[in-house]
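Take a look at the letters that make up each chain.
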Amino acid sequence: QVQVVESGGGLVQPGGSLRLSCAASGRIISINTMGWYRQAPGKERELVAAITSGDNTDYADSVKGRFAISRDNAKNTVYLQMNSLNPEDTAVYYCKIKAYSDSYTLLRSYWGQGTQVTVSS
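Below: a short report on this structure. (Residues numbered from 1 in each chain as written. Predicted model: local features only at pLDDT ≥ 70, side-chain atom pairs only at ≥ 80, totals over all residues. Heavy atoms only, no water.)

### What to know about the sheet that holds strand β3 (residues 18–26)
Here's step 1: Pairing in this open sheet of four strands is antiparallel, and the strands run β1-β3-β8-β7 from one edge to the other. Where the open sheet ends on each side, the last strands, each with one partner, are β1 (2–7) and β7 (67–72). Neighbour-to-neighbour, the strand axes of this sheet turn through a mean angle of 15°, independent of strand direction.
Here's step 2: As judged from the six bridges shared by β3 and strand β8 (residues 77–82), these two strands associate in the antiparallel manner. Note on β8: the bridge partner recorded for Cys-22 is Val-78. (Pairing = 2+ DSSP bridges. Helix = DSSP H or I, 4+ residues; strand = E, 2+ residues; numbered from the N terminus. Axes fitted to C-alpha atoms, helices over the stretch in contact; angles between N-to-C directions.)

### Some words on the state of the cysteines
Here's step 1: The tally for this structure, following the rule as stated, stands at one disulfide.
Here's step 2: Across a sulfur-sulfur distance of 2.1 Å, Cys-22 and Cys-95 are joined as a disulfide pair. Residues Cys-22 and Cys-95 are joined by a disulfide whose S-S torsion is about -80°; by sign, that bridge is left-handed. Placement of the pair is Cys-22 in strand β3 and Cys-95 in strand β9 (residues 91–100), with a sequence separation of 73 residues. A single burial state applies to Cys-22 and to Cys-95, both of which are buried. (Disulfide = S-S within 2.5 Å. Buried < 20%, exposed > 50% of the residue type's maximum accessible area, 1.4 Å probe, protein only.)

### Examining the side chain of Arg-38
Here's step 1: Tracing the chain through its elements places Arg-38 in strand β4 (residues 30–39).
Here's step 2: Owing to a relative accessible area of 6%, Arg-38 belongs among the buried residues under this scheme.
Here's step 3: Reaching out from Arg-38, the side chain makes a polar contact with the side chain of Glu-46 at a distance of 2.9 Å.
Here's step 4: In terms of polar contacts, Arg-38 uses its side chain to reach the side chain of Tyr-93, at 2.9 Å. (Polar contact = N/O pair within 3.5 Å; in protein donor to acceptor, adjacent residues only side chain to side chain.)

### So, the pairing of β1
Here's step 1: Of the two faces of β1, the one lined by Val-2, Val-4 and Glu-6 is fully buried and the one lined by Gln-3, Val-5 and Ser-7 carries no buried residue.
Here's step 2: Pairing of β1 with β3, which is carried by six bridges, proceeds in the antiparallel orientation. In the strand pairing of β3, Val-4 is matched with Ala-24.

### Some thoughts on the pattern of salt bridges
Here's step 1: The full count for this structure, using the stated rule, is four salt bridges.
Here's step 2: Ionic pairing is found between Lys-64 and Asp-61, a salt bridge with its closest N-O pair at 3.2 Å.
Here's step 3: A salt bridge links Asp-89 to Arg-66; the nearest nitrogen and oxygen atoms lie 2.8 Å apart. Here Asp-89 is found in the loop between β8 and β9, whereas its partner Arg-66 is found in the loop between β6 (57–59) and β7, with 23 residues between them in sequence.
Here's step 4: On the basis of relative accessibility, which here comes to 1%, the residue Asp-89 falls in the buried class.
Here's step 5: For Arg-66, a relative accessible area of 15% corresponds to the buried category.
Here's step 6: Each of Arg-38, Glu-46, Arg-66 and Asp-89 takes part in a single network of salt bridges with overlapping partners. (Salt bridge = Lys/Arg side-chain N within 4 Å of Asp/Glu carboxyl O.)

Shape descriptors only; they carry no functional weight alone.
What follows is the structure in structure tokens.
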């Protein structure tokens, strides 16, 4: 009942920047928390950044100072601004939202399909 669509991935040179977008649609009453995860080949999926409905944020230590997460509540969209990218940031990035669908008492998690980010010269 909820769809999550990501965009903005691609190829970028070391030191460059990308902005990922994730838009949720469908039977949404409201969105609670939103987060970005990433998974590199042969590695476990890890939390990159998260933002609450009150705009509290959390970041992985490896991206602090370089990445910034934000949200546009009117558009049910979350962004991840990625600066000073390095090859270690190469991964598939996934968006996850926790949203109320149909009922304020039912909070569920929804995942996007993932978008590839490749940092290479």
